[in-house]
Amino acid sequence: DVKVTQSSRYLVKRTGEKVFLECVQDMDHENMFWYRQDPGLGLRLIYFSYDVKMKEKGDIPEGYSVSREKKERFSLILESASTNQTSMYLCASVEGLAGGWPETQYFGPGTRLLVL
Amino acid sequence: AQSVTQLDSQVPVFEEAPVELRCNYSSSVSVYLFWYVQYPNQGLQLLLKYLSGSTLVKGINGFEAEFNKSQTSFHLRKPSVHISDTAEYFCAVSRFVQGAQKLVFGQGTRLTINP
């Protein structure tokens, strides 16, 4: 089974702190994603990575950065946490294109971040 | 641009009753559609997906969905729900950017099963 793990289930941080959220997948997937989930808004894409050291902005990248130094690990960084970044953060991974058909994205359990 | 609208934010039903969760999409290109489920305190997992072929797609846990191109819909159905189906359900459409498959999600529908 594919496994996507996230370093923390719950985090409490103070405004202005630098926050690292870690995600690891064990299936050698090329593509990895960070989403945030808010009630009534569904999931919104923050950043994604299609290869090591490669990254692309998603729909809401402001206030975030990412790092992918190894294929299995994708980190989300909040440079200076703010209260409006209180949310559930979900990581996902998927294989690269397979004959052009979309593949299933596999999600981690999520990190619930509270910024005070 | 592709987008997804889930018409109901919450759907309460009684156990063993049928349920339909509605999803409409907009897309100007080939459409690939997904339904994901999120059980309490968990990540998302795939219920089913439509890529091509038969418009009726069967998924896990007795769910099915029908792709209707003329109505741009992909509604999720189950003939008889169980307490264990209590969860949030997300419809999504796929798009490719930089060779990576990106999902655009709807707002989610919270399904509550009452005994």
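Look a little higher up for the structure.
From a predicted model like this one, the values you see are computed outputs, not experimental measurements. (Residues numbered from 1 in each chain as written. Chains lettered and ligands numbered in written order. Predicted model: local features only at pLDDT ≥ 70, side-chain atom pairs only at ≥ 80, totals over all residues. Heavy atoms only, no water.)

## Observations regarding unusual backbone geometry
Trans peptide bonds make up the majority, and among non-glycine residues the majority have a negative phi. Residue and element names in this part refer to chain B. Worth spelling out the cut-off: Numbered from the N terminus, helices here are DSSP runs of H or I no shorter than four residues, and strands are runs of E no shorter than two. For each residue, the accessible area found with a 1.4 Å probe, counting protein chains only, is set against the maximum for its type, and the residue is called buried under 20%, exposed over 50%, and partly exposed in between.
One non-glycine residue with positive phi stands out, namely E16, at about 75 degrees. In this fold, E16 is placed in the loop between strand 2 (10–14) and strand 3 (19–21). Judged by relative accessible area, E16 falls into the exposed class, the value being 61%. We note that N61 has phi near 60 degrees; this positive angle belongs to a residue other than glycine.

## Considering the interface of chain B and chain A
As a reminder of what qualifies: Throughout, a residue-residue contact means that at least one pair of heavy atoms, one from each residue, lies within 4.5 Å. Throughout, buried area stands for the accessible area (probe radius 1.4 Å) lost by two parts on being put together, summed over both. Here, a salt bridge means any side-chain nitrogen of Lys or Arg that lies within 4 Å of a carboxyl oxygen of Asp or Glu. Two N or O atoms count as a polar contact when they lie within 3.5 Å, although within protein this holds only if one can serve as hydrogen donor and the other as acceptor, and sequence-adjacent residues are included solely when both atoms are side-chain atoms.
The interface is formed by 27 residues belonging to chain B together with 28 residues belonging to chain A. Around 2,200 Å² of area is buried between chain B and chain A when both sides are counted, 57% of it from carbon and sulfur atoms. Inspection of the chain B/chain A interface yields 0 salt bridges. In this structure, the connection of chain B to chain A is made through 4 residue pairs in polar contact (both at pLDDT 80 or more). Looking at the side of chain B that touches chain A, the elements with two or more residues in it are strand 5 (33–38), strand 6 (44–50), strand 10 (87–97) and strand 11 (100–105) of chain B. Per-element tally for the side of chain B that touches chain A: the top contributor is strand 10 of chain B, with 6 residues.

## Let's talk about a nonpolar patch on the surface
For the record, the criterion: Patches draw on residues past 30% relative accessible area with no salt bridge. Two like charges within 9 Å are joined, as are two nonpolar side chains (Val, Leu, Ile, Met, Phe, Trp, Tyr) within 5 Å. To measure how exposed things are, a 1.4 Å probe is used in the Shrake-Rupley method; for residues, cover is taken only from the protein chains shown.
Side chains of V12, L114 and L116 of chain A sit close together on the surface and give an oily, nonpolar patch of about 260 Å² of accessible area. Structurally, L114 of chain A is set in strand 11 (residues 111–115).

## So, the environment of R112 of chain A
All names here are of chain A. For R112, the position within the fold is in strand 11. Counting along the chain gives 22 residues from R112 to L90, while the straight-line C-alpha distance between them is 8.9 Å. Each residue touching R112, except ones within four places of it in the same chain, is listed here: R9, Y10, L11, S87 and M88.

## Some words on the nonpolar core
Keep this limit in mind: For the purposes of this section, nonpolar cores are sets of buried Ala, Val, Leu, Ile, Met, Phe, Trp, Tyr and Cys residues that join through side-chain atoms within 4.5 Å.
Core analysis: the largest hydrophobic core is formed by 29 residues, its most contacted members being W35, L48, F74, L76 and Y89 of chain B. Element by element, the count of residues in this core is highest for strand 10 of chain B, at 4 residues. Ignoring sequence-local partners within four residues, the contact set of L76 of chain B consists of V19, E20, L21, W35, L47, L48, F63, E64, A65 and Y89 of chain B. Membership of the second largest hydrophobic core comes to 20 residues, among which are V4, W34, L76 and L78 of chain A.

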